[in-house]
Amino acid sequence: MKKAKIGIVTVSDRAFRAEYKDLSGPAIHATLNEFLVSPWESIQRLVPDEQTEIERVLIELSDHEKCCLILTTGGTGPAIRDVTPEATTKVCDKILDGFGEQMRATSLCHVPTAILSRQVAGIRAGTLIVNLPGKPSSIRECLQSVFPAIPYCIDLMEGPRLETDERVVHAFRPK
Amino acid sequence: MKKAKIGIVTVSDRAFRAEYKDLSGPAIHATLNEFLVSPWESIQRLVPDEQTEIERVLIELSDHEKCCLILTTGGTGPAIRDVTPEATTKVCDKILDGFGEQMRATSLCHVPTAILSRQVAGIRAGTLIVNLPGKPSSIRECLQSVFPAIPYCIDLMEGPRLETDERVVHAFRPK
Amino acid sequence: MKKAKIGIVTVSDRAFRAEYKDLSGPAIHATLNEFLVSPWESIQRLVPDEQTEIERVLIELSDHEKCCLILTTGGTGPAIRDVTPEATTKVCDKILDGFGEQMRATSLCHVPTAILSRQVAGIRAGTLIVNLPGKPSSIRECLQSVFPAIPYCIDLMEGPRLETDERVVHAFRPK
């Protein structure tokens with residue numbers, strides 16, 4: 001079975017300058033480890049909140065590393081340095097509005113400030129790119145809410161078959 | 001009473017090549033027949049998943065046939081050949097995000113992969129264009145969820161007055 | 001404590017021509033008076049449904065008056081003269097899709113035609129701009145649904161600290 005490559009990109013000025021430890025990238029890795037039972041490997045990157053840097057690493061992980069999925073964390077709020085959605089939109093061929101809608105709806109059950117999140121998802125060639133929140137506690141709830149649709153999306157893009165631990169998350173594939 | 005013209009556009013490479021029969025266009029026609037009690041006629045088209053072809057037929061049905069409403073089916077997923085939302089966005093003056101949000105929210109009650117749908121709706125001059133899903137079973141649930149707003153939208157665009165069978169669907173017009 | 005400046009912009013051809021009295025601008029002012037307990041002042045404007053006029057007044061209130069928040073009313077529907085979202089999008093650096101989604105979801109509880117609303121919100125430099133509906137009765141329900149996130153958004157933009165009357169609306173600030 002083909003090993004799936006999944007990119008994990010932490011976007012944070014302060015983590016990049018080592019002012020604090022990146023907890024969000026590892027939180028994504030740990031969640032995927034729980035979700036997936038098919039073989040996969042992660043490729044992790046840490047970049048500052050610079051649009052061109054984010055675009056460069058998304059393109060590298062998509063075009064050269066051939067990741068079927070890239071998950072970003074950080075940089076999706078309303079502050080001036082938050083540019084992850086801009087970078088994602090710029091490198092994608094198609095935007096999938098349903099991901100952002102669904103993640104905001106999920107976060108709204110917990111905090112009313114969920115509407116400030118500008119998270120998007122899109123497709124660049126054979127890669128699905130999804131923006132997750134910056135906070136480790138919110139990462140899991142967002143990923144849990146959209147992951148059921150991700151394996152089928154990757155099937156449609158002719159990527160590797162992702163199998164999940166059904167006790168944790170159900171990968172839905174229409175008959 | 002002025003007869004309303006409604007365009008029904010099936011977007012599908014395989015139906016266009018006659019590899020299978022188009023069931024979606026007829027499903028839209030049948031649903032509208034149940035919904036509408038005012039006089040109307042449909043103008044049906046079948047095109048392949050080519051953006052320029054879809055744009056051409058949307059423009060023809062809007063500018064020359066003067067349809068007040070065009071319903072498309074197919075080509076709204078994440079696959080590379082899915083370009084119906086791109087064609088719709090290209091020919092429209094205004095996009096109505098609420099339609100896509102509402103249709104995805106409705107489909108989400110049935111399947112978690114609803115977030116993969118990129119359905120949009122928009123207005124070109126006097127024509128409302130709405131992307132419906134490709135599957136006949138999903139067409140009715142999406143149309144049922146947004147149709148209550150369609151007659152009033154067409155009123156605002158100074159189109160023909162659509163009257164519905166109130167037992168099936170209620171056309172809401174604010175006082 | 002720094003006095004917050006809040007712009008209130010009524011967009012309406014008929015109110016501008018004095019064919020009827022603007023009730024929507026005053027409705028926003030009255031609602032804010034109930035919501036806010038920290039010092040604030042409003043700067044009110046009335047413009048016709050002309051995109052360049054709307055853009056001009058949004059830029060004036062943002063760049064010169066340094067409003068931390070601008071609330072518009074009117075011009076968000078599907079009619080040809082409705083161009084408030086276009087003007088807002090044009091002058092903003094970032095769009096916050098969650099506001100429009102949330103306001104439409106709130107209005108949908110009352111009327112199915114809520115999906116016709118094209119309300120957006122966005123940020124221009126240090127100013128949050130939010131499109132509210134035109135009808136005074138809908139203004140309060142929309143503002144009530146998104147206001148809990150607004151003070152924290154303005155904090156993130158380094159604007160004045162807004163304090164609310166907690167009995168009326170809760171300003172949520174993550175710890």
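A brief structural summary. (Residues numbered from 1 in each chain as written. Chains lettered and ligands numbered in written order. Predicted model: local features only at pLDDT ≥ 70, side-chain atom pairs only at ≥ 80, totals over all residues. Heavy atoms only, no water.)

Tallying the contact residues gives 19 residues for chain A and 17 residues for chain B. Buried surface at the junction of chain A and chain B, both sides included, amounts to about 1400 Å², of which 69% is carbon and sulfur. Our count for the contact surface shared by chain A and chain B stands at two salt bridges. Measuring nitrogen to oxygen at the nearest pair gives 2.7 Å for the salt bridge that ties B:Arg104 to A:Glu101. Taken together, chain A and chain B are joined by two residue pairs in polar contact (both at pLDDT 80 or more). (Contact = heavy atoms within 4.5 Å. Buried area = accessible area lost by both parts, 1.4 Å probe. Salt bridge = Lys/Arg side-chain N within 4 Å of Asp/Glu carboxyl O. Polar contact = N/O pair within 3.5 Å; in protein donor to acceptor, adjacent residues only side chain to side chain.)

For C:Pro112, the position within the fold is in the loop between helix H5 (97-108) and strand S5 (121-124). For C:Pro112, a relative accessible area of 27% puts it in the partly exposed group. Residues C:Pro112 and C:Cys153 lie 41 residues apart in sequence; the distance between their C-alpha atoms is 29 Å. When sequence neighbours within four positions are dropped, the list of residues in contact with C:Pro112 reads B:Pro148, B:Ala149 and B:Phe172. (Helix = DSSP H or I, 4+ residues; strand = E, 2+ residues; numbered from the N terminus. Buried < 20%, exposed > 50% of the residue type's maximum accessible area, 1.4 Å probe, protein only.)

To continue, consider the relation of the copies chain C and chain B. For the pair chain C and chain B, the relating rotation is 120°, the translation along its axis is 0.0 Å, and the fit reaches an RMSD of 0.0 Å. Such values leave the two copies arranged in the relation of a three-fold axis. Rotation axis and chain C: the residue whose C-alpha lies nearest the axis is C:Glu101, separated from it by 4.3 Å. Little of the interface of chain C is mirrored in chain B: 6% of its interface residues are interface residues there too. (Least-squares fit on C-alpha atoms with pLDDT ≥ 70 in both.)

Residue and element names in this part refer to chain B. Under the criterion given, the structure shown has three aromatic pairs over all chains. Relative to Phe147, the ring of Phe35 lies with its centre 5.2 Å away and its plane at 65°, an arrangement referred to as edge-to-face. Remark: Phe147 occurs in the loop between helix H6 (136-146) and helix H7 (150-156) and Phe35 occurs in helix H2 (residues 24-35); sequence separation between them is 112 residues. The burial state of Phe35 is the same as that of Phe147; both residues are buried. (Phe/Tyr/Trp six-rings, centres within 6.5 Å; stacked < 30°, edge-to-face > 60°.)

For the rest of this paragraph, the subject is the interface of chain C and chain B. With 17 residues of chain C at the contact, the number on the chain B side is 18 residues. Its largest share of buried area at the contact with chain B, chain C owes to C:Pro78, C:Ile115 and C:Leu116, together 39% of the area lost on that side. At the junction of chain C and chain B, the tally comes to two salt bridges. Residues that form the side of chain C that touches chain B fall into these classes: nine nonpolar, two polar and six charged. (Nonpolar A, V, L, I, M, F, W, Y, C, P; charged D, E, K, R; others polar.)

Another point: the side chain of B:Thr106. All names here are of chain B. One can find Thr106 in helix H5 (residues 97-108). Assessed through its relative accessible area of 17%, Thr106 is described here as buried. In this view, Thr106 contacts Glu141 and Ser145; residues no more than four positions away in its chain are not counted.

At a minimum axis distance of 11 Å, the contact between helix H5 (residues 97-108) of chain A and H5(C) shows a crossing angle of 70°. In this view, H5(A) runs roughly perpendicular relative to H5(C), as classed from their interaxial angle. The handedness of the crossing between H5(A) and H5(C) is right-handed. Residues A:Glu101, A:Arg104 and A:Leu108 of H5(A) pack against C:Asp97, C:Gly98, C:Glu101 and C:Gln102 of H5(C). Classifying every residue of the contact of H5(A) with H5(C) by side-chain character gives one nonpolar, two polar and four charged. (Axes fitted to C-alpha atoms, helices over the stretch in contact; angles between N-to-C directions. Parallel < 35°, antiparallel > 145°, perpendicular 65-115°, else oblique. Left-handed = near helix turned anticlockwise from the far one by under 90°.)

The residue A:Ala18 is not glycine, and still its phi comes out positive at about 60°. Along the polypeptide, A:Ala18 turns up in the loop between helix H1 (13-16) and helix H2 (24-35). By relative accessible area, which is 64% here, A:Ala18 ends up exposed. You will see that C:Ala125, though not glycine, has its phi angle at about 50°, which is positive. The topology assignment puts C:Ala125 in the loop between S5 and strand S6 (127-132). Residue C:Ala125 is classed as exposed on the basis of its relative accessible area of 53%.

To continue, consider the pairing of strand S3 (residues 69-73) of chain C. Across a regular strand the side chains alternate sides, sitting on one face of the sheet and then on the other. Residue and element names in this part refer to chain C. S3 sits mainly inside the fold: five of its five residues count as buried. Residues of S3 alternate between two faces, with Leu69, Leu71 and Thr73 on one and Ile70 and Thr72 on the opposite face, all of them buried. Across five bridges, strand S1 (residues 4-11) lies against S3 in parallel orientation. Paired with Gly7 across the strands is Ile70, a residue of S3. (Pairing = 2+ DSSP bridges.)

Attention now moves to the relation of the copies chain A and chain B. For the pair chain A and chain B, the relating rotation is 120°, the translation along its axis is 0.0 Å, and the fit reaches an RMSD of 0.0 Å. Take the interface residues of chain A: only 5% of them recur as interface residues in chain B, which is what a contact between different surfaces looks like.

Locating B:Val146 in the fold gives a position in helix H6. Since its relative accessible area comes to 0%, B:Val146 is described here as buried. Each C-alpha atom, one on B:Val146 and one on B:Phe99, is 6.6 Å from the other, the two residues being 47 residues apart in sequence. Setting aside anything within four residues of it in sequence, one finds B:Val146 in contact with B:Phe99, B:Gln102, B:Met103 and C:Ile115.

Here the focus is the sheet that holds strand S1 (residues 4-11) of chain A. Sheet strands pair by backbone hydrogen bonding; their relative direction is either parallel or antiparallel. Residues and elements named next belong to chain A. One open sheet holds the six strands; their spatial order is S2-S1-S3-S6-S5-S4, and the pairing between them is mixed. Since the sheet does not close on itself, it has two edges, and those belong to strand S2 (40-47) and strand S4 (94-95), each with one partner. As defined by bridge partners, S4 adjoins strand S5 (residues 121-124) across two bridges and the pair is classed as antiparallel. In the sheet register, Lys94 faces S5, and the bridge partner there is Ile123. Contacts from helix H3 (residues 51-64) reach S1, S2, strand S3 (69-73), S5 and strand S6 (127-132) within the one sheet, and its direction differs from that of S2 by about 165°. Running over the sheet, helix H4 (residues 84-91) touches S1, S3, S4, S5 and S6 and is turned about 170° from S6.

Let's shift gears to the pattern of salt bridges. Residues and elements named next belong to chain A. Across all of its chains, the model carries 45 salt bridges over all chains by this definition. The salt bridge involving Arg167 is made with Asp165; its shortest N-O contact spans 2.8 Å. The exposure class of Arg167 is exposed, given its relative accessible area of 76%. When salt bridges with common partners are traced through the structure, they connect Asp13, Glu50 and Arg81 into a single cluster.

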